[in-house]
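In case you want the letters, here they are:
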Amino acid sequence: MDKAVEHTRGDFSTVRTGRATPGLVEHLRVDVYGTEVELRTIAGLSVPEARLLVISPYDKSSIVAIEKAIQASDVGINPSNDGTVIRLAFPPLTEERRRDLVKVVKHKAEEGRVAVRNLRRSARHELEALEHGGDISSDERERAEKELDKLTQEKVAVLEGVLTHKEQELLEL
């Protein structure tokens, strides 16, 4: 369940908030040297200003491939290339775009909640199998199910807190 929560947090970091963050592009797949690798493995990412992300490739020959990967992605920003680094300038978000991004974040949060509930369901099936196999009693199964429900509620509450924080971040001007 912790992994599901962390995965959802990672998904949230890919949603643009008007500020430049390396999380928006660090997992982009770039085709260099005949293989696809993550951008963070072939370039340094830095944020010198709130709305500017600078990508410094370790190998200058890969700059064109990085630029193509950014253009093909859903980041929605055209990179500017000066031959040594790539700059991504993030424009301020419009109110309408902020509302759309809030919807995207809510959808990602719901996916996280579904993942946590699916883990609860599979754990319950395992508990029932243990009971039918005679490994645990019905009282032990019920106690474990109550603990499992409590843990599930805690993880869903964590997801709600992360969602609230991301919504506030998106809607602030």
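Owing to the predicted nature of the structure, the values given are computational and were not obtained by experimental measurement. (Residues numbered from 1 in each chain as written. Predicted model: local features only at pLDDT ≥ 70, side-chain atom pairs only at ≥ 80, totals over all residues. Heavy atoms only, no water.)

K.L.:
Kindly report on helix H3 (residues 63-72), identifying the contributing residues and their values.
P.N.:
Helical periodicity: at 3.6 residues per turn, an α-helix aligns residues three or four positions apart in one direction. Considered for burial, the residues of H3 that qualify are Ile63, Ala65, Ile66, Glu67, Ala69 and Ile70. On the buried face of H3, the contacting elements are strand S1 (29-32), helix H2 (39-42), strand S3 (43-49), strand S4 (52-57), strand S5 (80-81) and strand S6 (86-89). (Buried < 20%, exposed > 50% of the residue type's maximum accessible area, 1.4 Å probe, protein only. Helix = DSSP H or I, 4+ residues; strand = E, 2+ residues; numbered from the N terminus. Contact = heavy atoms within 4.5 Å.)

K.L.:
Give me the packing of helix H4 (residues 95-132) against helix H5 (residues 138-171): which residues, what numbers.
P.N.:
Between H4 and H5, whose axes approach to 10 Å, the crossing angle comes to 170°. In terms of axis orientation, H4 runs roughly antiparallel to H5. Residues of the contact of H4 with H5, tallied by class, amount to 14 nonpolar, three polar and 16 charged. (Axes fitted to C-alpha atoms, helices over the stretch in contact; angles between N-to-C directions. Parallel < 35°, antiparallel > 145°, perpendicular 65-115°, else oblique. Nonpolar A, V, L, I, M, F, W, Y, C, P; charged D, E, K, R; others polar.)

K.L.:
Talk me through helix H1 (residues 2-13); I want residue IDs and the actual numbers.
P.N.:
Along its twelve residues, H1 runs 17 Å from first to last C-alpha, staying within 8% of the 16 Å computed at 1.5 Å per residue. Those residues of H1 that sit buried are Ala4, Val5, Thr8, Asp11 and Phe12. The arc enclosing the buried residues of H1, seen along the axis, measures out at 115°, which places them on a common side. Opposite the buried face of H1, at more than 90 degrees from it, the exposed residues are Lys3 and His7. (Expected span 1.5 Å × (residues − 1). Arc of directions from axis to C-beta.)

K.L.:
Which residues make up the pairing of S3, and what values do they have?
P.N.:
Taken together, the five bridges between S3 and S4 define a ladder with antiparallel strand orientation. By the bridge assignment for S4, Ala43 is matched with Pro57. The antiparallel hairpin formed by S3 and S4 contains two residues in its connecting segment. (Pairing = 2+ DSSP bridges.)

K.L.:
I'd like a rundown of the packing of H1 against H4, residues and numbers included.
P.N.:
Closest axis-to-axis distance for the H1/H4 pair is 9 Å, and the angle between their directions is 170°. With respect to H4, the axis of H1 lies roughly antiparallel. Pair H1 / H4 crosses with right-handed handedness. In this structure, H1 contributes Ala4, Thr8, Asp11 and Phe12 to the contact, and H4 contributes Val105, Lys108, Ala109, Gly112, Ala115, Val116 and Leu119. (Left-handed = near helix turned anticlockwise from the far one by under 90°.)

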